[in-house]
2 protein chains.
Amino acid sequence: MVGKERLEKARERVIETIAQNIHLYGLTPSAGRQFGTMYFHDEPMTLDDMTEELGMSKTSMSTSVRALSNVKLVERAWKRGVRKDLYQVTDDWYQSFVDLFSIKWRRSVSLHTNAVRRSLTELEELVKEPDISEELKIEAKADIEKLRYLRDYYDWLDRLVDAFEDQEIFNLVPIKNSSIDK
Amino acid sequence: MVGKERLEKARERVIETIAQNIHLYGLTPSAGRQFGTMYFHDEPMTLDDMTEELGMSKTSMSTSVRALSNVKLVERAWKRGVRKDLYQVTDDWYQSFVDLFSIKWRRSVSLHTNAVRRSLTELEELVKEPDISEELKIEAKADIEKLRYLRDYYDWLDRLVDAFEDQEIFNLVPIKNSSIDK
DNA sequence: TAGTTTGTACAGAAAAAACTGTACAAACAA
DNA sequence: TTGTTTGTACAGTTTTTTCTGTACAAACTA
């Protein structure tokens, strides 16, 4: 096998692994392949570059590059004299992980917290009323307990996201750089 | 609105929010609804209970309860005299989060690490060979740099999963219990 | 033993998601 | 101004996923 092919194969293996795992980021394998391709491409790429490289429609490239941008895996680049939009992979993967974590979970926490708060208020009202059956009251109280547990849980999750965003997580789990040894 | 309905509505709101967010766990909204329903159901449920409660086929209940078990959101229960399989929601949501995190990311890290290691070895072989073009050598060296970066990154991710599994994350972000105050 | 009950494999139907080609607006060039 | 180029909205097609009903094996009952 010639050298160029071996290089290509080494790249493809990693790109395909990214494609098969990017569902953890809520993205499709196609978007993952696009991301992987961009990672090994030294220069920022245009939508047309991607169309050519991946053999897919420009429309697809446009939509998935936006999906990648939304989770901050890809960013706009600029190069003088180039009129087309340019995109490149965000260079700090640790930060990308934190951003992803934050984007995904913060939203979820917010939605849950709202729902739980509203339901909790309603049930706390309910049990106060004098003319409800004893049976219902017991059930409502059990639910209130559960909702308080959820409230605490989502509060924890929120603080967890804080810890990621504030870079505190890197104190607990430091980044090591293996190339320092060389 | 009568009391029972108000209770029901308060539950439904939370269940639906869970359903809409459970994609973060790689599960479908249906599975999320099932999970939510089980959470507010005080007794462990059988597949037939779920079929009735959710108005879906027993086959669906069977497959999604397995999906929920796989990520440890649901576990088998036992009650004397009941022949049907019983399931209930795992009661420690913090642990569930940790388990999910671990299951999902550990697998991803392992796959990536393997791919990166193999490709790295191949490229390190490649650049050693004397009869390859200078151009190719430069490209391969650039890729090697990138792969080393990935190796470090996945090593960090692996240690991050360790920190979750070893409960160290709870030192950084402690669980608070709001009901203690009352 | 034979007769139920229970859970799931499997094939097909229904629903959802991904992808493409066309069309067009916005930005730029001349 | 008119003529290009570029990115994306949108409708329709293809592919994938989810859901259902049937069939059947394993476990239990009598």
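**Student:** Can you explain the overall build of chain A? Please cite residues and give values.
**Tutor:** If you tally the helices and strands in chain A, you get seven helices and two strands. Each helix (α) and strand (β) of chain A, taken in turn from the N terminus, gives the series α-α-α-α-β-β-α-α-α. Relative to the globule expectation of 16 Å for 182 residues, the C-alpha radius of gyration of chain A, 24 Å, shows a markedly less compact shape. If one aligns the C-alpha atoms of chain A with their principal axes, the spans along those axes are about 80 × 45 × 35 Å. Burial statistics for chain A: of 182 residues in total, 46% are counted as buried. Per element, the accessible surface of chain A, about 9700 Å² overall, is 49% carbon and sulfur.

**Student:** Quick one: what's the story with the interface of chain A and chain B, residue by residue and with numbers?
**Tutor:** Contact with chain A, which involves 70 residues of that partner, is made by 69 residues of chain B. Where chain A abuts chain B, roughly 6700 Å² becomes buried across the two surfaces, and 62% of that area is made up of carbon and sulfur atoms. Where chain A packs against chain B, one counts 12 salt bridges. The partner of Arg6(A) in a salt bridge is Glu129(B), with the nearest N and O atoms 2.9 Å apart. In this assembly, chain A and chain B are joined by 34 residue pairs in polar contact (both at pLDDT 80 or more).

**Student:** A description of the nonpolar core should follow, citing residues and the corresponding values.
**Tutor:** Residues Tyr25(A), Phe97(A), Leu160(A), Tyr25(B), Phe97(B) and Leu160(B) are the most contacted members of the largest nonpolar core, which totals 110 residues. Apart from residues lying up to four places away in sequence, Phe97(B) is in contact with Phe101(A), Trp105(A), Tyr153(A), Trp156(A), Leu157(A), Leu160(A), Tyr25(B) and Phe164(B).

**Student:** A description of the domain arrangement of chain A should follow, citing residues and the corresponding values.
**Tutor:** Residue and element names in this part refer to chain A. Segmentation of chain A into domains returns domain 1 (3-90) and domain 2 (94-172). Its C-alpha centre places domain 1 at a distance of 37 Å from the equivalent point of domain 2. With eight residues of domain 1 at the contact, the number on the domain 2 side is six residues. For the pair domain 1 and domain 2, the summed buried surface comes to about 560 Å²; carbon and sulfur atoms form 65% of the total. Of all residues in domain 1, Tyr25, Val71 and Lys72 give up the largest surface area on contact with domain 2, accounting jointly for 73% of the area buried on that side. Across the contact surface, domain 1 and domain 2 share zero salt bridges. Residues that form the side of domain 1 that touches domain 2 fall into these classes: four nonpolar, three polar and one charged.

**Student:** Break down the protein's contact with DNA strand D for me, citing the residues and quoting the values.
**Tutor:** Around DNA strand D lies a shell of 14 residues, among which Ser62(A), Lys84(A), Asp85(A), Ser30(B) and Ser60(B) are the nearest. Among the atoms of DNA strand D lying within 4 Å of the protein, the sugar-phosphate backbone contributes 79%. Arg66(A) has a polar side-chain atom sitting 3.1 Å from a phosphate oxygen of DNA strand D. Interatomic distance of 3.1 Å between a side-chain N/O atom of Arg83(A) and a sugar or linking oxygen of DNA strand D. Secondary structure elements with two or more residues in the surface near DNA strand D: helix H4 (58-70) of chain A together with helix H4 (58-70) of chain B.

**Student:** Which residues make up helix H1 (residues 3-21) of chain A, and what values do they have?
**Tutor:** Taking 1.5 Å per residue as the helical rise, H1(A) with its 19 residues ought to reach 27 Å, and the 28 Å between its terminal C-alpha atoms agrees with that figure. Listed as buried for H1(A) are Gly3(A), Leu7(A), Ala10(A), Arg11(A), Arg13(A), Val14(A), Ile15(A), Thr17(A), Ile18(A), Ala19(A) and Asn21(A). Those residues of H1(A) hidden inside the fold are in contact with helix H2 (29-40) and helix H5 (93-128) of chain A together with helix H5 (93-128) and helix H6 (134-165) of chain B.

**Student:** Lay out the protein's contact with DNA strand C in plain terms, naming residues and giving numbers.
**Tutor:** Taken together, 14 residues form the shell around DNA strand C, and within it Thr28(A), Ser30(A), Ser60(A), Ser62(B) and Asp85(B) come nearest. By atom count, sugar and phosphate contribute 78% of the portion of DNA strand C lying within 4 Å of the protein. Between DNA strand C and Ser30(A) there is a distance of 2.4 Å, counted from a phosphate oxygen to a side-chain nitrogen or oxygen. Ser60(A) is positioned with one of its side-chain polar atoms (N or O) 2.8 Å from a phosphate oxygen of DNA strand C. Counting only elements with at least two residues in the surface near DNA strand C, the list comes to H4 of chain A together with H4 of chain B. Considering every element that reaches the surface near DNA strand C, the biggest residue donor is H4(B), with four residues. Grouping the amino acids of the surface near DNA strand C by side-chain chemistry returns one nonpolar, seven polar and six charged.

**Student:** Describe the packing of helix H3 (residues 47-54) of chain B against H4(B), with residues and values.
**Tutor:** Residue and element names in this part refer to chain B. In contact at an axis separation of 9 Å, H3 and H4 are set at 115° when each is read in the N-to-C sense. Here H3 is positioned roughly perpendicular relative to H4, judged by the angle of their axes. Classified by chirality, the crossing of H4 by H3 is right-handed. Where H3 approaches H4, its residues Leu47, Asp48, Met50, Thr51 and Leu54 are matched on the opposing element by Lys58, Met61, Ser62 and Val65. In terms of residue class, the contact of H3 with H4 is built from five nonpolar, two polar and two charged.

Conventions we followed
Residues numbered from 1 in each chain as written. Chains lettered and ligands numbered in written order. Predicted model: local features only at pLDDT ≥ 70, side-chain atom pairs only at ≥ 80, totals over all residues. Heavy atoms only, no water. Helix = DSSP H or I, 4+ residues; strand = E, 2+ residues; numbered from the N terminus. Rg over C-alpha atoms; globule rule 2.2 N^0.38 Å. Buried < 20%, exposed > 50% of the residue type's maximum accessible area, 1.4 Å probe, protein only. Areas by Shrake-Rupley, 256 points an atom, 1.4 Å probe, with all protein chains shown as cover. Contact = heavy atoms within 4.5 Å. Buried area = accessible area lost by both parts, 1.4 Å probe. Salt bridge = Lys/Arg side-chain N within 4 Å of Asp/Glu carboxyl O. Polar contact = N/O pair within 3.5 Å; in protein donor to acceptor, adjacent residues only side chain to side chain. Core = buried A, V, L, I, M, F, W, Y, C linked by side-chain atoms within 4.5 Å. Domains from an automatic or database assignment. Nonpolar A, V, L, I, M, F, W, Y, C, P; charged D, E, K, R; others polar. Near = heavy atom within 4 Å. Expected span 1.5 Å × (residues − 1). Axes fitted to C-alpha atoms, helices over the stretch in contact; angles between N-to-C directions. Parallel < 35°, antiparallel > 145°, perpendicular 65-115°, else oblique. Left-handed = near helix turned anticlockwise from the far one by under 90°.

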